[in-house]
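Take a look at the letters that make up each chain.
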Amino acid sequence: DGGITQSPKYLFRKEGQNVTLSCEQNLNHDAMYWYRQDPGQGLRLIYYSQIVNDFQKGDIAEGYSVSREKKESFPLTVTSAQKNPTAFYLCASIGQGSTGELFFGEGSRLTVL
Amino acid sequence: KNEVEQSPQNLTAQEGEFITINCSYSVGISALHWLQQHPGGGIVSLFMLSSGKKKHGRLIATINIQEKHSSLHITASHPRDSAVYICAVGIDFGNEKLTFGTGTRLTIIP
């Protein structure tokens, strides 16, 4: 079955460490997204990519980095520069054309100790 | 002011009741998505609408483009419908940046 796989599901990090969250999709979607979810707030866009080897900053990109070397993969690195990284992170992709259905991974919960 | 407003924020109902969740938005859109998030955190797409009405099982979604308003209805609600329902709007059809509402937490009591 097609879908999005995120890993790890839970991650603990010490302050000052970089961590990378994995996102893999087998839906053949061009567009992929990383969102951050905090309690009481709507999902906020961190980065998005519409094609391989290209990506754009979203609304809250500071302290994060991404790469898009393959269509299937869009990893997110939470760097030590991110002031408040404890959050729930969701990867998504969207179908093209008339469908435009949105697919999400199961999410990764990052806690900074 | 958030561009996407959902109401109510929290809703508790008895099993079998008819449920309505509302979403209002302030920008011109190409599509509106209704999403369901269960306690584990994963999000599932329920509907994508650009006009009119869609139905899937006990769920019905409507949109009024002129009034910039959408509703999600659940008929014969069941405890397994308990989840957070999120409305999101997109500007450019297909590959789009989405703006999300803060969600409606629905609890159905047996």
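One structure accompanies this document, and this report is about it. Residue numbers here run from 1 along each chain, matching the order of that chain's written sequence. Chains and ligands are labelled sequentially in the order written, the chains with letters from A and the ligands with numbers from 1. Only residues with pLDDT of at least 70 are given local features in this predicted model, and only at 80 or more are side-chain atom pairs given and counted; all residues enter the totals for whole chains, interfaces and linings. With hydrogens and water stripped out, all remaining heavy atoms of the structure feed into the side-chain values.

This part covers the overall build of chain A. A helix here means a DSSP run of H or I that spans at least four residues, while a strand means a run of E at least two residues long, and both kinds are numbered starting from the N terminus. Within chain A one finds zero helices and 11 strands. Starting at the N terminus and walking to the C terminus, you meet the elements of chain A as β-β-β-β-β-β-β-β-β-β-β. Along the first, second and third principal axes, the C-alpha set of chain A runs to 45 × 25 × 25 Å. Type-normalised accessible area, obtained with a 1.4 Å probe on protein chains alone, sets the label of each residue: buried when under 20%, exposed when over 50%, and partly exposed for intermediate values. Per-residue burial over chain A gives 50% buried out of 113 residues. Across chain A, every contact between residues at least 6 apart in sequence was considered, and the portion connecting residues at least 24 apart equals 51%. In this description, accessible areas are obtained by the Shrake-Rupley approach with a 1.4 Å probe, and a residue is regarded as covered only by the protein chains that are shown. When the accessible surface of chain A is summed, it comes to about 5,500 Å², and 46% of that surface belongs to carbon and sulfur atoms. Only four residue types enter the tally: Lys and Arg on the positive side, Asp and Glu on the negative side; His and the chain ends are excluded. We put the charge of a Lys on NZ, of an Arg on CZ, of an Asp on CG and of a Glu on CD. Where the 11 positive side-chain charges of chain A centre and where its 12 negative ones centre are 8 Å apart. Any two residues having at least one pair of non-hydrogen atoms within 4.5 Å are treated as being in contact.

All names here are of chain B. Grouped together as the largest cluster of nonpolar side chains are 23 residues, with contacts concentrated most on Ile19, Tyr25, Ile29, Leu32, Trp34, Leu72 and Tyr85. Listing elements by their share of this core, those giving two or more residues are β3 (19-25), β4 (31-37), β5 (43-49), β7 (59-64), β8 (69-74), β9 (83-90) and β11 (104-109). Aside from chain neighbours lying at most four places away, what touches Tyr25 is Glu3, Val4, Leu32, Ile63, Asn64, Ile65, Lys68, His69 and Val89. Here the nonpolar core consists of buried residues drawn from Ala, Val, Leu, Ile, Met, Phe, Trp, Tyr and Cys, with membership extended through side-chain atoms lying within 4.5 Å.

Looking now at the interface of chain A and chain B. Contacts between chain A and chain B engage 26 residues on the former and 19 residues on the latter. Two parts placed together each lose some accessible area; with a 1.4 Å probe, that loss summed over both constitutes the buried area. Considering only the side of chain A, the residues that lose the most area to chain B are Leu43, Leu102 and Phe104 of chain A, jointly responsible for 24% of the buried surface there. Any carboxyl oxygen of Asp or Glu that lies within 4 Å of a side-chain nitrogen of Lys or Arg is treated as forming a salt bridge with it. Our count for the contact surface shared by chain A and chain B stands at zero salt bridges. By the criterion applied in these results, polar contacts are pairs of N or O atoms within 3.5 Å in which, for protein atoms, one can donate a hydrogen and the other can accept it, and in which residues neighboring in sequence qualify only through two side-chain atoms. Across the contact surface, chain A and chain B share one residue pair in polar contact (both at pLDDT 80 or more).

This brings us to the pattern of salt bridges. Opposite charge on two side chains permits pairing when their charged atoms draw close. Applying the stated rule across the entire model yields four salt bridges over all chains. Where Asp38 of chain A meets Arg36 of chain A, a salt bridge forms, and the shortest distance between an N and an O atom there is 2.8 Å. The residue Asp81 of chain B makes a salt bridge to Arg58 of chain B at a minimum N-O spacing of 2.9 Å. Of this pair, Asp81 of chain B sits in the loop between β8 and β9 while Arg58 of chain B sits in the loop between β6 (52-56) and β7, and the two are 23 residues apart along the sequence. The buried category is assigned to Asp81 of chain B, whose relative accessible area is 5%. On the basis of relative accessibility, which here comes to 24%, the residue Arg58 of chain B falls in the partly exposed class. Three or more residues are tied together by salt bridges with common partners; here these are Arg36, Asp38 and Arg44 of chain A.

With that out of the way, let us pick up the state of the cysteines. Residues and elements named next belong to chain A. The rule for a disulfide is simple: a pair of cysteine sulfur atoms within 2.5 Å. In total, this model carries two disulfides over all chains according to the counting rule given. Covalently, Cys23 is tied to Cys91 through a disulfide, its sulfur atoms 1.9 Å apart. The disulfide joining Cys23 to Cys91 has a torsion of about -70 degrees about its S-S bond and is therefore left-handed. Separated by 68 residues along the polypeptide, Cys23 in strand β3 (residues 19-25) and Cys91 in strand β9 (residues 87-94) bring together distant segments of the chain. The exposure classification of Cys23 matches that of Cys91, with both residues buried.

With that settled, the discussion passes to the packing of aromatic side chains. Pairs of aromatic rings are described using the distance from one ring centre to the other and the angle between the two planes. Residues and elements named next belong to chain A. A pair of aromatic rings is counted whenever rings of Phe, Tyr or Trp (Trp by its six-membered ring) have centres within 6.5 Å, and the orientation is called stacked for planes under 30 degrees apart, edge-to-face for over 60 and tilted otherwise. Under the counting rule described, the total for this entry stands at six aromatic pairs over all chains. Taking 6.2 Å as the distance between ring centres and 40 degrees as the angle between the ring planes, the aromatic pair formed by Tyr35 and Phe104 counts as tilted. Taken together, the residues span a long stretch of sequence, with Tyr35 in strand β4 (residues 31-37) and Phe104 in strand β10 (residues 102-104) at a distance of 69 residues. Across the pair, Phe104 and Tyr35 agree in class, each one buried. Taking 6.0 Å as the distance between ring centres and 75 degrees as the angle between the ring planes, the aromatic pair formed by Tyr47 and Phe55 counts as edge-to-face. By relative accessible area, Tyr47 is classed as buried at 8%.

Attention now moves to the side chain of Ser49 of chain A. All names here are of chain A. Tracing the chain through its elements places Ser49 in strand β5 (residues 44-51). Looking at Ser49, its side chain comes within polar contact range of the side chain of Arg68, at 2.7 Å. With residues near it in sequence (within four places) discarded, Ser49 still touches Asp30, Ala31, Met32, Asp54, Phe55, Arg68 and Phe74.

Functional significance is not addressed by these values, which are geometric in nature.
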